[in-house]
Amino acid sequence: MGRQTTPKYRIVIKGNMEFTSHGTNKKMNDAALEQYRKDYNKSFNKGGVNYNPGDGTNVIPHISRCTMIEQASGRVVATAVAPMFEVV
């Protein structure tokens, strides 16, 4: 049986359709977190791994804000915020 560990960091994701978080042990700066946000947004487009053609809403999810938080202290390590208008 494997050993469970708590990730050192969590990425809190806010979007137009979801609010979630992902655990990671990789520390990111603002630029890396912004690239993560952009890549995650691309995954919702047709052909992407998170594309859902059958949800019936005709709305593509969009991540507007990512915040990386250190689990032990609760300190914000990095933040990425989408511009007011963004073509995805």
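The structure we're discussing is the one just above.
Residues numbered from 1 in each chain as written. Predicted model: local features only at pLDDT ≥ 70, side-chain atom pairs only at ≥ 80, totals over all residues. Heavy atoms only, no water.

## A closer look at helix H1 (residues 30–42)
Logical step 1: Spanning 13 residues, H1 covers 19 Å between terminal C-alpha atoms, matching the ideal 18 Å at 1.5 Å per step.
Logical step 2: Residues Leu 33, Glu 34, Arg 37, Tyr 40 and Asn 41 constitute the buried set of H1. Seen end-on, H1 carries its buried residues on one side only, within an arc spanning 125 degrees. Residues of H1 that are exposed and point more than 90 degrees away from the buried face comprise Ala 31 and Lys 42.
Logical step 3: For H1, the secondary structure elements touched by its buried residues are strand S1 (9–15), strand S2 (19–24), strand S3 (63–70) and strand S4 (76–81). (Helix = DSSP H or I, 4+ residues; strand = E, 2+ residues; numbered from the N terminus. Expected span 1.5 Å × (residues − 1). Buried < 20%, exposed > 50% of the residue type's maximum accessible area, 1.4 Å probe, protein only. Arc of directions from axis to C-beta. Contact = heavy atoms within 4.5 Å.)

## What to know about the sheet that holds S4
Logical step 1: Taken together, four strands build an open sheet; the order of strands is S2-S1-S3-S4 and the sheet is antiparallel. Since the sheet does not close on itself, it has two edges, and those belong to S2 and S4, each with one partner. Direction aside, the axes of adjacent strands within the sheet are offset by 15 degrees on average.
Logical step 2: Against the sheet, H1 makes contact with S1, S2, S3 and S4, and its axis sits at roughly 45 degrees relative to S4, the strand it touches most. (Pairing = 2+ DSSP bridges. Axes fitted to C-alpha atoms, helices over the stretch in contact; angles between N-to-C directions.)

## Looking at the environment of Lys 8
Logical step 1: As for its position among the elements, Lys 8 is in the segment before S1.
Logical step 2: The spatial distance from the C-alpha of Lys 8 to the C-alpha of Lys 26 is 7.9 Å, given a sequence separation of 18 residues.
Logical step 3: Apart from residues no more than four positions distant in its own chain, Lys 8 is found in contact with Thr 24, Asn 25, Ile 69, Glu 70 and Gln 71.

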